[in-house]
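Close look at the chain arrangement
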Amino acid sequence: METILKTVDLVKYYGDGENEVRAIDHTSIQVENGEFVALVGRSGSGKSTLLHMLGGLDRPDSGEVIIGGRNIFSLKDEQLAVFRRRKIGFIFQDFNLIPALNVWENIVLPLGLDGKKVNRDFVMDIVNSIGLLEKLKSLPSQLSGGQKQRVAIARALASRPAIILADEPTGNLDSKTEMEVISLLKACVRKYGQTLVMITHDETIAQMADRVMIIEDGKVVR
């Protein structure tokens with residue numbers, strides 16, 4: 001299988017001396033194209049820091065993050081922002097929808113920001129897959145938590161990124177909605193040939209992944 005994402009000796013420390021926190025401590029991982037990987041660890045283990053660096057949201061002190069054969073931190077900030085918009089889809093716990101935009105507008109927003117023409121057939125296929133056809137003109141305030149996260153999933157898929165990064169995507173949902181959303185997310189990444197790396201603290205959800213990585217004290221231990 002083709003490696004879509006890897007880190008090489010990634011390091012991120014905060015503070016110094018007695019107050020030094022080794023958030024990411026010489027960590028190397030590898031993710032194959034089309035894989036669904038769950039990143040599991042206790043609060044403070046470094047999993048969110050790692051995900052932010054995988055997505056180019058935070059620069060490491062040293063080491064590399066390579067996506068599609070390219071070390072993303074060799075790019076300048078402006079180039080990295082463009083790369084991130086085109087190659088990485090993000091799904092966050094708090095949805096990050098624009099309140100004044102309706103469902104359709106939220107889904108296609110990243111395409112507009114990148115100057116891309118919207119492939120309406122493709123986006124509508126995603127909308128049908130996630131069951132939001134009747135909600136396209138609704139504002140986020142008119143949606144349930146589960147529906148908001150479905151919009152966030154559709155938005156992440158719409159630009160056909162190389163990889164999708166999800167940070168506790170079900171953290172604000174009840175257990176029934178949580179399983180529905182994760183099942184839907186897994187089905188969608190399979191259908192559209194995506195690669196998914198997801199942070200979760202929930203063992204049940206982690207077991208739905210192809211592979212589980214455990215992180216402790218900034219190191220992937222298994």
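All of these numbers come straight from a predicted model, not from anything done at the bench.

Turning next to the pattern of salt bridges. The tally for this structure, following the rule as stated, stands at 12 salt bridges. Residue Arg22 pairs with Asp25 through a salt bridge whose shortest N-O separation is 3.9 Å. Across the pair Asp125 and Lys191 runs a salt bridge whose closest N-O atoms are separated by 3.2 Å. Here the residue Asp125 occupies a position in helix α4 (residues 120-129), and Lys191 occupies one in helix α6 (residues 175-191), the gap between them amounting to 66 residues. A relative accessible area of 32% places Asp125 in the partly exposed class. Beyond isolated ion pairs, a larger network of salt bridges with shared partners links Glu20, Arg22, Asp25 and Lys219.

Among the 5 residues that make up strand β9 (residues 196-200), 5 are buried, leaving the element largely enclosed by the rest of the structure. What you see with β9 is no split at all: Leu196, Met198 and Thr200 on one side and Val197 and Ile199 on the other are buried throughout. Where strand β4 (residues 36-40) and β9 come together, 5 bridges link them in parallel fashion. Its bridge partner being in β9, Leu39 is matched across the sheet by Ile199. Across 4 bridges, the pairing between strand β8 (residues 163-167) and β9 is parallel. Considered in β9, the bridge of Asp167 is made with Ile199. Remark: the β8/α6/β9 crossover connection has right-handed handedness.

Bringing the packing of helix α3 (residues 103-113) against helix α5 (residues 145-158) into the picture now. A packed helix pair is summarised by two numbers, namely the angle formed by the two axes and the spacing between the axes. One way to put it is that α3 packs onto α5 with a least axis distance of 8 Å and a crossing angle of 30°. Taken together, the axes of α3 and α5 lie roughly parallel to each other. For the pair α3 and α5, the sense of crossing is right-handed. Across the interface between the two elements, Val103, Asn106, Ile107, Pro110 and Leu111 from α3 touch Val151, Ala154, Arg155 and Ala158 from α5. Grouping the constituent residues of the contact of α3 with α5 by class yields 7 nonpolar, 1 polar and 1 charged.

Moving on, we get to the side chain of Glu35. Mapped onto the secondary structure, Glu35 falls in the loop between β3 (30-32) and β4. A relative accessible area of 12% places Glu35 in the buried class. Within the structure, the side chain of Glu35 is placed 2.7 Å from the side chain of Arg211, a separation counted as a polar contact. Filtering out sequence-adjacent residues up to four positions away, Glu35 remains in contact with Thr195, Leu196, Asp210 and Arg211.

Conventions used here
- Starting from 1, residues in each chain are numbered consecutively following that chain's sequence as written.
- In keeping with the predicted nature of the model, local features appear solely for residues at pLDDT of at least 70, side-chain atom pairs appear and are counted solely at 80 or more, and the whole-chain, interface and lining totals rest on all residues.
- The basis for every side-chain value is the complete set of non-hydrogen atoms in the structure, without hydrogens or water.
- What counts as a salt bridge is simple: a side-chain nitrogen of Lys or Arg found within 4 Å of a carboxyl oxygen of Asp or Glu.
- Under the scheme used here, helices are H or I runs from DSSP no shorter than 4 residues and strands are E runs no shorter than 2 residues, and both carry numbers assigned from the N terminus.
- Per-residue accessibility, obtained with a 1.4 Å probe over protein chains only, is compared with the maximum for each type, and a residue is labelled buried under 20%, exposed over 50%, and partly exposed between these values.
- Strand pairing is defined by DSSP finding a minimum of two bridges between the two strands.
- Orient the strands so they point away from the viewer, and a crossover whose first-strand-to-second-strand path over the helix runs clockwise is right-handed.
- Axes here mean lines fitted to C-alpha atoms, for a helix over just the part in contact, with angles spanning 0 to 180 degrees between N-to-C directions.
- Here the word oblique covers every angle except those under 35 degrees (roughly parallel), over 145 (roughly antiparallel) and from 65 to 115 (roughly perpendicular).
- Left-handed describes a crossing whose near helix is turned anticlockwise from the far helix through less than a right angle; right-handed describes the clockwise counterpart.
- Any two residues whose heavy atoms approach within 4.5 Å are treated as being in contact.
- Note on residue classes: Ala, Val, Leu, Ile, Met, Phe, Trp, Tyr, Cys and Pro are nonpolar, Asp, Glu, Lys and Arg are charged, and everything else, Gly too, is polar.
- Definition of a polar contact: a pair of N or O atoms within 3.5 Å, with one able to donate and the other able to accept a hydrogen when the atoms are protein atoms, and with sequence-neighbouring residues admitted only if both atoms are side-chain atoms.

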